[in-house]
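A look at the structure
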Amino acid sequence: MNSSPQPPVPEESQTGAAPLGRQARIAVAVLALCALAALFWPRGSGTGKAPGGFLYDAQGKPTPVGSRLAPVTLVHFWATWCPPCREEIPSLQRLGRDFSKYDDFGIVMVAVADETDKARIFLGNWGSMVLFDPNWDVAKRYGTDKLPETYLVVGGEVVRKFVGQTDWDNPELRALIAGRLNGGSSGPKASGT
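Below is a summary of the structure that appears in this document. (Residues numbered from 1 in each chain as written. Predicted model: local features only at pLDDT ≥ 70, side-chain atom pairs only at ≥ 80, totals over all residues. Heavy atoms only, no water.)

Attention now goes to the pattern of salt bridges. Using the criterion set out here, one finds eight salt bridges in the structure. Between Asp98 and Arg97 there is a salt bridge whose closest N-O contact spans 3.4 Å. Take Asp98: its relative accessible area is 31%, and that puts it in the partly exposed class. According to the relative accessible area criterion, Arg97 is exposed, its value standing at 53%. The salt bridge involving Glu115 is made with Lys118; its shortest N-O contact spans 4.0 Å. Exposure remark for Lys118: the relative accessible area of 47% places this residue in the partly exposed category. Several salt bridges converge on common partners, so that one network encompasses Arg94, Arg97, Asp98, Asp169 and Arg174. (Salt bridge = Lys/Arg side-chain N within 4 Å of Asp/Glu carboxyl O. Buried < 20%, exposed > 50% of the residue type's maximum accessible area, 1.4 Å probe, protein only.)

Structure (structure tokens):
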């Protein structure tokens, strides 16, 4: 009889487990699904009731964020230390100027973790309007995790979230906001006001 040694039997065959290649493919597929879910899963409060909380004026006086909401409001989170924020501000100011004809429109400028004087100087004429969120408290309540981010709040409800630098001169975006204003009881201010 030939008693030559037999090669060892692979462990996979002994246990009945799937080959490693198949396990790796399944693991990669599961990880890919998790990554896609994380990428496309809704974050923060993109819609729903506008969160409360307190913002602070330049003197440090607390102001309830709800007291600053017009029937149609853009709540804009930004900072002077954020380059895309600084680039976006001029188009947002033009939008504010052009939409000032509407009684029911407002913009709440929220400087996040920023220096009071820097923010006020940067905004120029709008410097008196800026409110501050030194610890991201209100920003986090809204679901903000990066700057700039802007929320369209209509009747106390967040109806749209804009993430990143936005072109507020975009005619389609302006039409969206005007549609919210024209859809309600809001109308242009009487001339001379």
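Still to come is the rest of the account.
Another point: unusual backbone geometry. That bond from Leu147 to Pro148 is cis: its omega, -5°, falls within 30 degrees of zero. Backbone geometry at Ala113 places phi at a positive 45°, although glycine is not the residue there. In the Ramachandran plot, Trp136 falls in the positive-phi region, its phi being about 65° despite a non-glycine side chain. One can find Trp136 in the loop between β6 (131–133) and α5 (137–142). (Helix = DSSP H or I, 4+ residues; strand = E, 2+ residues; numbered from the N terminus.)

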